[in-house]
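For reference, the chains in residue letters:
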Amino acid sequence: MGLSEQQIERYSRHIILEEVGGQGQEKLLESKVLIVGAGGLGAPAALYLGAAGIGTIGLIDADKVDLTNLQRQVIHHTADVGVEKVKSAENKINAINPDVTVKTYHQWAKADNIREIVREYDFVIDGTDNFAAKFLVNDACWFEKKAYSHAGILRFDGQLITVVPGQSTCYRCIFGSPPPVGSVPSCSQAGVLGVLAGVIGSLQATEAIKYLLGIGDLLTNTLLTYNALKMQFRRVNIKRNPDCKLCGSEPEITELIDEEQPVCDLEKD
Amino acid sequence: MSELKEPILRIPETVKDDTFAYRDGVKKYLDGSTSEVAFRAYRVPMGIYEQRTVGKFMVRIRIGAGLAASGQLRRVAELSKKYGNGILHVTTRQDIQIHEVKIEDTPDVLESLLEVGLSPRGGGGNTVRNVTACPGTGVCMNEKFNISPYSIATAEYLLQDRSSFNLPRKYKIVFSGCAEDCAYASVADLGFFAHNENGENGFSVYAAGGLGSSPAVAVKIEDFVPAGEVLEVAEAIKRLFDKHGDRSNKHKARLRYVLKRIGIEEFVKLYQQERAVIKKEGLKGEIPEFRDVTAAYQKSGESGNGDVKVTVNVLPEKTEGLFGVRLNLDLGDISADSLAKAADIADEFGTGLIRTTQLQNLLITSVRGSDIEKIKSALSGIGIDVSAVDEPKVVACAGASTCKLGLCLSRGLAEAISEKLGEAQIRDKGREVVRISGCPNSCGHHFIADIGFEGKAKRIDGKLMPFYDVLVGAKTYEGQGKLAERIGSIPAKRIPDFVAEVFAKDVKAEQLGELVKSYDISCGEITDDYYYDYGASEAFSLAGRGPGECGAGVMDVMRVDIDEARRAIKTASRAADSGKKNQSLYNAVVASARALLVIYGLEPKKDREIFAAFTENLIEPGWVKASGQKVLEQAVDWRMGDTDSIEELAPEISELAERVEELFLSLDASLKFKAEPFAQKKESAGAESKSHLADLRGVGCPMNFVKAKLALEKIEVGEVLEVLVDDGEPVRNVPASFVAQGQEVLEIKNAGEHFSVRVLRKK
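Source: prediction; values computed, not measured. (Residues numbered from 1 in each chain as written. Chains lettered and ligands numbered in written order. Predicted model: local features only at pLDDT ≥ 70, side-chain atom pairs only at ≥ 80, totals over all residues. Heavy atoms only, no water.)

Draft legend 1. Layout of the overall build of chain A. From N to C terminus, chain A includes 10 helices and eight strands. A globule of 269 residues ought to have a C-alpha radius of gyration of about 18 Å, and chain A, at 18 Å, matches this closely. With the C-alpha coordinates aligned to their principal axes, the bounding extent of chain A is approximately 55 × 45 × 40 Å. Looking at the 269 residues of chain A, the share that counts as buried comes to 51%. Within chain A, residue pairs in contact and separated by at least 24 positions form 68% of the contacts whose partners lie at least 6 positions apart. (Helix = DSSP H or I, 4+ residues; strand = E, 2+ residues; numbered from the N terminus. Rg over C-alpha atoms; globule rule 2.2 N^0.38 Å. Buried < 20%, exposed > 50% of the residue type's maximum accessible area, 1.4 Å probe, protein only. Contact = heavy atoms within 4.5 Å.)

Have a look at this one:
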């Protein structure tokens, strides 16, 4: 397709990188990334992926911007309070980089809609804030054979892992199923350091770009945890679980289900 | 330093730091960790140039306002003897050059110079060059006031900022003490003329002048600025230049091209904007004081001028009883021993201050009338005859003997003229100056000469002859500046007679044109000697002056053939007679085929050889369509009488001539065609194909690497990409970046104004 003069300038710092180059940048411009949840994790991921020139970015979120979001969801501005999050995010991405096509899905990701959306993309970023959604994204990506980056944050702790279905440990390999109701507090109950979302969401964007370009070592079979107070990163090696209900040798889950127990109670607002 | 009564130019700390760092730079170059190319880009702004002889270097020392203390000159002389060839050269911009220094000795030279308060920093490259002043500053009878404090402070202010060494091109600043303009402020990038308005000292300001190719007289940008504001003016113009100068094209980079591009109104507006910003924010860095350096080197006069005879070499100063004594140097050269003795003489009879002048002489000022005879006899001891009634001064550039750019041997001509003027006993009646440049680059400043000569080559009877354009009518005077005009051209060998006649008969300006005609090629016999330049044992030739050198003069030679082809085609189209038609068409083919061969250093004489060379160099590489071969062959057939007519080939011949002209017009400074070649049959499966080229001249860092890399991605692994990049940062960075990314750089070649980098795609 060839880069325009403006694109050469815009992406010059990528092109200079030995591992990216003009061909790598063209690959990014042809890539599609879906971000599930335009909140704390999705915000930095969407900003950086937009700036990087990911050709198509999909955003799923049914929520509207709330004043309490602004402490960490940096893609939304004060003036956006009350605006659909996907719309608000779309505006910012467009403002940063007109090369990017933004597709918005103003709905919650559910068992009955997520597979057909995921199918359109090359990589998925899980920026959701509740266990049910996290398992749903994991399962959908498994069924659609799409690589994705899982992440979660609470208080001062974050974690992430990259899943390449069929090749590496999936979210269910590790956690099996959602925890009992009430056993884990939500962000709104326990609090979260705003910048933590920026750190972890940016790492997710990094994984997306590496995956799309086929460079470096992905965070597969490795859970990376981060504690902001101790400023400590830890890599935990994890093997695939042969008994995994989803990707194990005798899978029990053969279709998508909507898990219960929404953690952050968003739908009640 | 102890010898200095008062430092003249206070070398800024940044320049001192850079000078001390230079030793390390040379070490890195010598041990191979810095490339030749990278080192060159670093060396030139330090004021160190390589000479025509490889491995010999010239150190150009800036003499601020042309003022040097005797101790400084003794040091310069000592260094020249110890490290150089023992001969110093005074330049037209008041610098002093040490020649033939080995590169490994240059750090010693620089550090030793620094000890006496001298530095070559900014002597070359795209820098703030020596800030000059009229040689009589502080003592001249005509000056409005002493301008040296302003000239020196301007240098001190600008030199402390490293950005002054990385401008789009050179920036020359000149101060003249009055409208007479002995310093040539009328043709400077920035020129100041001293004025006194209602008791206040100040300057009128002119900008965007310059000599060299497409010279221009500076235009007025300020009627009067108080003297204390000169730093702001110089800084404002520097900023304007820095922002708007065209860094992409070295040939169009000087300030005068900015003016040409945007017009005077916009230029003045931009200047005023910069001034306003400076007014508001203040100048950055240390503000030097305006020190009257000459005051420290002053002495009292004596009453009456006695019986001192005033000549061009002995001129009265404003203090009664004091005189300036001119040391007339042939072409600016003086031996180290003589310079050291001249310094001693300045101590004894002057004030210990010696000035360098724009006419490449030295001047010892403030000599008492009663000492004139003594100083004359002292100077005669070093071979300088002050009593001699001198012939008009002849100024010449270095010329083709040492300069890679030169066409003609200008110094040889200068000597021949001086000899002739001496023989004819022609006297210098004032400021009469003959100026010679060996090529259109104008280093001899022929555009401001009373009589100027610009070297070129002309084809007479099929052979090249050294020739000069004659220029007259220049004026350098505030507000009336005028460049010399071309009035004709004459063979080099007729110039001494011509000059002698002009001066002897006091030929009026309007008669000069006629006089030139009487010396041009149509009059008198042309002897074989005319084909030999002064002092040359071989017939004049441009052969060997290949690509990589500035082609300004070579261009003229090509133009001659191209015009001839065009004329012949026109003649053929009009000729009624078939024989004449055919002959003209044939002539057009020959001229077209010959025109561009100079680029390849070829000067075949016979038509057959011309055609063969054309085929090899222009048709085969695809610069000219393959069908051109048919034209050549049929032209030969006609010539040999094998065919009766080539009239039906007229359209093809026109096409050939047009293509040649098109190629000619697309030549860049390194004499490479920018025009697209025609597709060629692939040469036998050579590993490298020449067709992969990325011309990134004018593209800065890092975009040049970005684009070069994109071009490399487009070729196959194992193929070679040629990248053209600019000198300086680009050629330092682009190849290094490729290497860092695992590609192989096969060659970095200096192609004159730019560099060619050949990169093998490894992965």
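Now, onward.
Draft legend 2. Molecular detail of the environment of Glu 78 of chain B. Within the secondary structure, Glu 78 of chain B is located in helix H3 (residues 70-83). Once the C-alpha coordinates of Glu 78 of chain B and Gly 32 of chain B are considered, the two residues, 46 residues apart in sequence, prove to be 30 Å apart.

Draft legend 3. Representation of the pattern of salt bridges within the structure. All names here are of chain B. Counted according to the given criterion, the structure contains 54 salt bridges over all chains. Between Arg 10 and Glu 289 there is a salt bridge; the shortest N-O distance is 3.2 Å. You can see Arg 10 sitting in the segment before helix H1 (13-30) and its partner Glu 289 sitting in the loop between helix H7 (255-281) and strand S11 (314-316), a full 279 residues away along the chain. One salt bridge in this structure joins Arg 697 and Asp 695, with 2.6 Å as the shortest N-O distance. By relative accessible area, Asp 695 is classed as partly exposed at 37%. Each of the salt bridges in this network shares a partner with another, and the network as a whole consists of Glu 222, Glu 229, Glu 232, Arg 275 and Lys 279. (Salt bridge = Lys/Arg side-chain N within 4 Å of Asp/Glu carboxyl O.)

Draft legend 4. Just the state of the cysteines, in detail. On inspection of all chains with the given rule, the structure shows zero disulfides over all chains. For Cys 141 of chain A, which is in no disulfide, the shortest distance to another cysteine sulfur is to Cys 170 of chain A and amounts to 11 Å. The structure places no disulfide on Cys 408 of chain B, whose sulfur is separated from the nearest cysteine sulfur, that of Cys 439 of chain B, by 8.9 Å. (Disulfide = S-S within 2.5 Å.)

Draft legend 5. Quick look at empty space enclosed by the protein. Residues and elements named next belong to chain B. Tallying each qualifying case throughout the model produces four cavities of 30 Å³ or more. Taken together, Ile 8, Leu 9, Ile 11, Arg 62, Ile 63, Gly 64, Leu 67, Gln 72, Gly 117, Leu 118 and Ser 119 form the lining of the largest cavity. For the lining of the largest cavity, a count of residues per class yields six nonpolar, four polar and one charged. (1 Å grid on protein atoms, 1.4 Å probe; cavity = no way out; pocket = protein on both sides within 12 Å on 5 of 7 lines; lining within 4 Å. Points joined across faces, edges and corners; volume = space filled by probe spheres on them. Nonpolar A, V, L, I, M, F, W, Y, C, P; charged D, E, K, R; others polar.)

Draft legend 6. How the structure looks around the interface of chain B and chain A. Counting from both sides, the interface comprises 11 residues of chain B and, opposite them, 13 residues of chain A. Of the roughly 1,000 Å² buried between chain B and chain A, counting both surfaces, carbon and sulfur atoms make up 60%. Run the count over chain B and chain A and you get two salt bridges. Of the charged contacts in the structure, one is a salt bridge between Glu 5 of chain A and Lys 707 of chain B, with a shortest N-O distance of 2.6 Å. A total of seven residues in the side of chain B that touches chain A trace back to one element, the largest contributor, which is helix H18 (residues 703-714) of chain B. Taken together, the residues of the side of chain B that touches chain A break down into six nonpolar, one polar and four charged. (Buried area = accessible area lost by both parts, 1.4 Å probe.)

Draft legend 7. Region of interest: helix H15 (residues 607-619) of chain B. Among the residues making up H15 of chain B, those that are buried are Ile 610, Phe 611, Ala 613, Phe 614, Thr 615, Asn 617, Leu 618 and Ile 619 of chain B. The inward-facing, buried residues of H15 of chain B abut helix H14 (578-595), helix H16 (627-639) and helix H17 (650-665) of chain B.

Draft legend 8. Here's a closer look at the environment of Glu 222 of chain B. Residues and elements named next belong to chain B. Inspection of the secondary structure puts Glu 222 in strand S10 (residues 219-226). As a C-alpha pair, Glu 222 and Met 465 span 243 residues in sequence and 47 Å in three-dimensional space. Not counting residues within four places of it along the chain, the set of residues in contact with Glu 222 comprises Ser 204, Val 205, Tyr 271 and Arg 275. Of the polar contacts made by the side chain of Glu 222, one reaches the side chain of Tyr 271; its length is 2.6 Å. (Polar contact = N/O pair within 3.5 Å; in protein donor to acceptor, adjacent residues only side chain to side chain.)

Draft legend 9. Quick look at the sheet that holds strand S19 (residues 463-472) of chain B. Residue and element names in this part refer to chain B. Taken in spatial order, the five strands make up an open sheet running S16-S17-S18-S19-S20, and their pairing is mixed. Of all strands in the sheet, those with a lone pairing partner are strand S16 (393-396) and strand S20 (485-491), marking the two edges. Here the average twist between neighbouring strands, direction ignored, is 30°. In this sheet, S19 lies alongside strand S18 (residues 451-460) in antiparallel orientation, the contact comprising 10 bridges. Across the sheet, the residue bridging to Arg 459 is Leu 464, located in S19. (Pairing = 2+ DSSP bridges. Axes fitted to C-alpha atoms, helices over the stretch in contact; angles between N-to-C directions.)

Draft legend 10. The sheet that holds strand S6 (residues 132-133) of chain B, seen in detail. All names here are of chain B. Judged by pairing direction, the sheet is mixed, and its five strands sit side by side in the order S6-S7-S8-S9-S10 without closing on themselves. The open sheet is flanked by S6 and S10, the only strands paired with a single partner. With five bridges connecting them, strand S9 (residues 200-207) and S10 associate as antiparallel partners. Across the sheet, residue Tyr 206 finds its bridge partner in S10, namely Lys 220. Across the sheet, helix H5 (residues 148-159) is in contact with S6, strand S7 (173-176) and S9; its angle to S7 comes to roughly 165°. Against the sheet, helix H6 (residues 230-244) touches S7, strand S8 (190-197), S9 and S10, its axis set at about 155° to S8.

Draft legend 11. Focus on the packing of aromatic side chains. Under the counting rule described, the total for this entry stands at 23 aromatic pairs over all chains. Residues Phe 705 of chain B and Phe 738 of chain B carry aromatic rings whose centres are separated by 5.0 Å and whose planes lie at 70° to one another, so their mutual orientation is edge-to-face. Of this pair, Phe 705 of chain B sits in helix H18 while Phe 738 of chain B sits in helix H19 (residues 729-740); the two residues are 33 residues apart in sequence, bridging distant segments of the chain. Three or more aromatic residues joined by ring pairs form one cluster here, namely Phe 145, Tyr 150, Phe 175, Phe 192, Phe 203 and Phe 290 of chain B. Above the face of the Trp 142 of chain A ring, Lys 145 of chain A is positioned so that its terminal group lies 3.3 Å from the ring centre. (Phe/Tyr/Trp six-rings, centres within 6.5 Å; stacked < 30°, edge-to-face > 60°. Lys NZ or Arg CZ within 6 Å of the ring centre and 35° of its normal.)

Draft legend 12. Expanded view of the domain arrangement of chain B. Domain boundaries in chain B define domain 1 (1-125), domain 2 (131-297), domain 3 (299-332 + 341-380), domain 4 (393-531), domain 5 (552-665) and domain 6 (693-760). Computed over C-alpha atoms, the centres of domain 1 of chain B and domain 5 of chain B are 51 Å apart. (Domains from an automatic or database assignment.)

Draft legend 13. Quick look at the side chain of Arg 435 of chain B. Residues and elements named next belong to chain B. Tracing the chain through its elements places Arg 435 in strand S17 (residues 433-437). Summary of buried charges: Arg 435 has no salt-bridge partner, and the nearest side chain of opposite charge, Asp 450, is 6.9 Å away. Those residues within four positions of Arg 435 in sequence are excluded, and the remaining contacts are Tyr 184, Leu 359, Val 395, Gly 444, His 445, His 446, Ile 448, Ala 449, Ile 451, Gly 452 and Phe 453. (Lys, Arg positive; Asp, Glu negative; His and termini not counted.)

Draft legend 14. Highlighting a negative patch on the surface. Taken together, the side chains of Asp 112, Glu 116, Glu 120 and Asp 258 of chain A make up a negatively charged region of the molecular surface. Mapped onto the elements, Asp 258 of chain A comes out in the segment after strand S8 (232-237). (Patch = residues over 30% accessible without salt bridge, like charges linked within 9 Å, V, L, I, M, F, W, Y side chains within 5 Å. Areas by Shrake-Rupley, 256 points an atom, 1.4 Å probe, with all protein chains shown as cover. Charge placed at Lys NZ, Arg CZ, Asp CG, Glu CD.)

Draft legend 15. Structural context of unusual backbone geometry. Residue Pro 702 of chain B follows Cys 701 of chain B across a cis peptide bond; omega there is 0°. Its location among the elements puts Pro 702 of chain B in the loop between strand S21 (693-695) and H18. One non-glycine residue, Lys 145 of chain A, lies in the positive phi region at around 55°. Structurally, Lys 145 of chain A is set in the loop between helix H7 (131-144) and strand S5 (147-154). Residue Lys 145 of chain A is classed as partly exposed on the basis of its relative accessible area, which comes to 47%. With a phi angle near 55°, His 445 of chain B is a residue other than glycine that sits in the positive phi range. Turning to its location among the elements, His 445 of chain B is positioned in the loop between S17 and S18.

Draft legend 16. Local environment of a nonpolar patch on the surface. Residue and element names in this part refer to chain A. Together, Phe 156, Leu 193, Val 195 and Leu 229 line one region of the surface with nonpolar side chains, adding up to about 350 Å² of accessible area. Position of Leu 193 relative to the elements: it lies in the loop between helix H9 (187-190) and helix H10 (194-213). Since its relative accessible area comes to 31%, Leu 193 is described here as partly exposed.

Draft legend 17. Up close: H7 of chain B. Residues and elements named next belong to chain B. Along its 27 residues, H7 runs just 24 Å from first to last C-alpha, ending more than 12% under the 39 Å computed at 1.5 Å per residue. For H7, the principal kink sits at Gly 263 and spans about 110°. Every buried residue of H7 is accounted for by Leu 255, Arg 256, Tyr 257, Val 258, Leu 259, Phe 267, Val 268, Leu 270, Tyr 271, Glu 274, Arg 275 and Ile 278. On its buried face, H7 is in contact with S9, S10 and H6. Of the residues one or two after H7, Gly 282 is the one with positive phi, at around 80°. (Expected span 1.5 Å × (residues − 1). Bend = angle between axes of the 7 residues up to and from the residue.)

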